[in-house]
Amino acid sequence: MTVDASATAGSPVPAAPASPVPPLTERQEARRQRILRATQQLAARGGFDAVQMREVAELSEVALGTLYRYFPSKIHLLVATMQDQLEQLHDQLRRKPPVSADPGERVAETLMRTFKALQREPHLAEAMMRALTFADRSVSAEVDSVNRLITDVIADAVHAGRPLTRSELAAVRVVTHTWHSTLITWLSGRASISQVKADIDTACTLISQAAAE
C-alpha cells in the first residue's frame, strides 16, 4: 500500500476547499433589506448607540435569532449598512457622473457629493464610521468590501471603463485615505465642509498628475 507523503506525520494536510456561499433567495434578500432599512432609521435618529440588535429585529419584523444569522454583531450590521449606502450612491453617480475634463476634478466632485449625502444624515454617518473604526478581524471581509467599493467609486470618476495605471492606483489610495480622515474630522466637529473640500481638492491633484503621465 502506498502512503501519500502529504498525509504523513508532521506534514500539513491540505484543507478541503470552502463551499461557496449560496446566493440569497428573493425572500431572504427582502428580509435583509428590511433589516438594513431598520438599522438606517435607528442610526439616523440616534447614532451608533441607538442601534441595538433587539430594536433592529423588532423594527424589521424578524426574530432576534434570524437577525444574528444574517449579521453576527452590531458592527457587522452597520458596516453592511454603509456598503448598502455606498452602492446606492455609486448607482446615482453612474447615472449622473461628474463632467469635468480633469480627472482630479471629477474625483473631487464625486467625493464632495458623497460628503453632502452623508451631511444629510450625520448621525447615520457617525454610526457607520464608528463601526468601521471598531471593526475587528471577524468583520474583515465586510470592511474589505466597503474599501473596494470606495475605490471603485473613485476609479470610475478617474476613468470609467478602463483599468487604472500603477501611478493612478497609488494616487487613488492616497485620496481614499484622505477621504476617510477628513470624514472622521468632520464628524467629530474638528473640520468644516470648506476645510474638507480644501483637503480633498489638494489630494485630488495627485490624480490629475498621475493621469497626465
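Everything numeric in this text was worked out from a predicted model, so none of it was measured.

**Side note on the overall build of the protein**
Phase 1: Of regular secondary structure, the protein possesses nine helices and zero strands.
Phase 2: For the protein, the N- to C-terminal ordering of α and β elements is α-α-α-α-α-α-α-α-α.
Phase 3: Taken along its principal axes, the extent of the C-alpha atoms in the protein is 70 × 50 × 35 Å.
Phase 4: Burial status across the protein gives 38% buried among its 213 residues.
Phase 5: Once local pairs closer than 6 in sequence are excluded, the contacts in the protein between residues at least 24 apart make up 69%.
Phase 6: Looking at the protein as shown, the accessible area adds up to about 12,400 Å², and 54% of this sits on carbon and sulfur atoms.
Phase 7: Across the protein, 24 positive and 24 negative side-chain charges occur, with their mean positions spaced 3 Å apart.

**Details of the nonpolar core**
Phase 1: Judged by nonpolar contacts, the single largest core of 56 residues is most densely connected at Val107, Trp179 and Ile200.
Phase 2: The set of elements that each furnish at least two residues to this core consists of helix 1 (26-46), helix 2 (53-60), helix 4 (74-95), helix 5 (103-119), helix 6 (122-134), helix 7 (140-159), helix 8 (166-187) and helix 9 (193-212).
Phase 3: Ranked by the residues each element gives to this core, the list is headed by helix 7, at eight residues.
Phase 4: Among residues more than four places away in sequence, those in contact with tryptophan 179 are Met82, Leu111, Thr114, Phe115, Leu118, Ile150 and Ile200.

The rules we used
- Residues numbered from 1 in each chain as written.
- Predicted model: local features only at pLDDT ≥ 70, side-chain atom pairs only at ≥ 80, totals over all residues.
- Heavy atoms only, no water.
- Helix = DSSP H or I, 4+ residues; strand = E, 2+ residues; numbered from the N terminus.
- Buried < 20%, exposed > 50% of the residue type's maximum accessible area, 1.4 Å probe, protein only.
- Contact = heavy atoms within 4.5 Å.
- Areas by Shrake-Rupley, 256 points an atom, 1.4 Å probe, with all protein chains shown as cover.
- Lys, Arg positive; Asp, Glu negative; His and termini not counted.
- Charge placed at Lys NZ, Arg CZ, Asp CG, Glu CD.
- Core = buried A, V, L, I, M, F, W, Y, C linked by side-chain atoms within 4.5 Å.

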